[in-house]
Amino acid sequence: MKKSAFLSDILFTFFCVALFTLCLFRFLKISLGVSIVLSGVCGILAAAAIAALLQNRRKHFFLKKSDEAQKQRLMTHLCLLSPKQVTCFFTDFFQKSGLIPKPFGSLRVYTDEEFYFLRFGFLPVNADDVAAMSRLKTSKKKILLCRDIEREADELCRRLDIAVRPAADVYTAVKAAECLPQTYVGEPQGKEKKKRRLKLCFAKTNARRFFVSGTLILLTSLLTPFPYYYLVFGSILCFCALLVRFFGYE
């Protein structure tokens, strides 16, 4: 939820409740002054309740969005690793989960009761991949860990009694075991990352944001008894808008 929408919902709630209760108190023949005060209190209480509710929903939304971004980072990381590195990653993960894993060649790991196939690529697992897994003879429960799987392959897994753990399940388990990578393959590091952030902050498209913010702060200086703070920072933002407009990153 955008901040402007968040604030407008709170103000709308305040005025609606305040107006309704004002009319109600006047209908009960309470004096105008007392009615205004009481309706203002009711409006504030209602607005505070709505603000708390919306803030809670907003927090959950951003947490879900953050988890989704983190999941995509993990999947891209696993897709870019070599088969040996993927095997080592999940061997460490199973150990931290309290299991005793043993690699079985490349991209295969087994424990006392389960046999894991590790298939992480930018293309979904297909039916031919599943057919190859079914040929391996074992009495252990077969489990496929993957980024994505085609519908036909998923249906084949059900018929062959191969459990499928897609990206969401893998991410949840890895996060719960505190095994998320410290650094991700394919992401800018160090100076490159700082340079990228600098370009985002001082892109020419941000000139309008600097200008609007500076203008609003300058206008605020006309309404406050202490205008100097607003004049200084408003002027700085307007000056930054000019610099970004002419010298910012494309």
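Reference entry: report on the structure contained in this document. (Residues numbered from 1 in each chain as written. Predicted model: local features only at pLDDT ≥ 70, side-chain atom pairs only at ≥ 80, totals over all residues. Heavy atoms only, no water.)

1. Quick notes on the sheet that holds strand β4 (residues 141-146)
No. 1: The strand order across the open sheet formed by five strands is β1-β2-β3-β4-β5, and the pairing between neighbours is mixed. Either end of the sheet is taken by a strand with one partner, and the two such strands are β1 (102-103) and β5 (163-165).
No. 2: Looking at chain direction, strand β3 (residues 114-119) and β4 are connected through six bridges and run parallel. Bridging from a neighbouring strand, E114 pairs with K141 of β4.
No. 3: Along the sheet, helix α6 (residues 167-176) contacts β4 and β5; its crossing angle with β5, the most-contacted strand, is approximately 70°. (Pairing = 2+ DSSP bridges. Helix = DSSP H or I, 4+ residues; strand = E, 2+ residues; numbered from the N terminus. Contact = heavy atoms within 4.5 Å. Axes fitted to C-alpha atoms, helices over the stretch in contact; angles between N-to-C directions.)

2. Re α6
No. 1: Taken residue by residue, α6 has A167, V170, Y171 and V174 as its buried positions. Buried residues of α6, viewed axially, fall in a sector of 95°; they line one side.
No. 2: Phi for E178, located one or two positions after α6, is positive at around 60°. (Buried < 20%, exposed > 50% of the residue type's maximum accessible area, 1.4 Å probe, protein only. Arc of directions from axis to C-beta.)

3. A few points about the pattern of salt bridges
No. 1: Counted by the stated rule, this structure contains three salt bridges.
No. 2: The salt bridge partner of K71 is E68, with a shortest N-O separation of 3.3 Å. Of the two residues, K71 and E68 both sit in helix α2 (residues 32-80), three residues apart, roughly one turn of that helix.
No. 3: According to the relative accessible area criterion, K71 is buried, its value standing at 14%.
No. 4: A salt bridge links K141 to D161; the nearest nitrogen and oxygen atoms lie 2.9 Å apart. One end of the pair, K141, is in strand β4; the other, D161, is in the loop between α5 (151-159) and β5, and 20 residues separate them in sequence. (Salt bridge = Lys/Arg side-chain N within 4 Å of Asp/Glu carboxyl O.)

4. Some remarks on a nonpolar patch on the surface
No. 1: Nonpolar side chains collect at one region of the surface, where F20, L24, F27 and L28 lie side by side and expose about 470 Å² of accessible area between them.
No. 2: Residue placement: L28 occurs in the loop between α1 (3-27) and α2.
No. 3: The class for L28 is exposed, based on a relative accessible area of 52%. (Patch = residues over 30% accessible without salt bridge, like charges linked within 9 Å, V, L, I, M, F, W, Y side chains within 5 Å. Areas by Shrake-Rupley, 256 points an atom, 1.4 Å probe, with all protein chains shown as cover.)

5. Quick look at the nonpolar core
Side chains of nonpolar character tend, in soluble globular proteins, to be buried together.
No. 1: Counting 24 residues, the largest nonpolar core has L74, L78, F90, L118, F120 and L145 as the members making the most contacts within it.
No. 2: Where this core is concerned, the elements lending two or more residues are α2, α3 (83-96), β3, β4 and α6.
No. 3: With five residues, the single largest contributor to this core is α3.
No. 4: With sequence-adjacent residues up to four places away left out, L145 is seen in contact with F90, F94, Y116, F117, L118, R119, F120, R165 and V170.
No. 5: Listed in part, the 15 residues of the second largest apolar core include M133, L144, I149 and C157. (Core = buried A, V, L, I, M, F, W, Y, C linked by side-chain atoms within 4.5 Å.)

6. Regarding helix α8 (residues 207-220)
No. 1: Helix length check: α8, at 14 residues, gives a terminal C-alpha distance of 20 Å against a target of 20 Å (1.5 Å per residue), a fit within 8%.
No. 2: Among all positions of α8, only A207, F210 and G214 are buried. Buried residues in α8, looked at end-on, bunch into an arc of 65°, giving them a common side. Turned more than 90 degrees off the buried face of α8, the exposed positions are R208, R209 and L216. (Expected span 1.5 Å × (residues − 1).)

7. Describing unusual backbone geometry
No. 1: Even without being a glycine, L107 presents a positive backbone phi close to 65°.
No. 2: Along the chain, L107 falls in the loop between β1 and β2 (108-110).
No. 3: The backbone of E178 shows a phi angle near 60°, a positive value even though the residue is not glycine.
No. 4: Of note, E178 is situated in the loop between α6 and α7 (191-201).
No. 5: For E178, a relative accessible area of 68% puts it in the exposed group.

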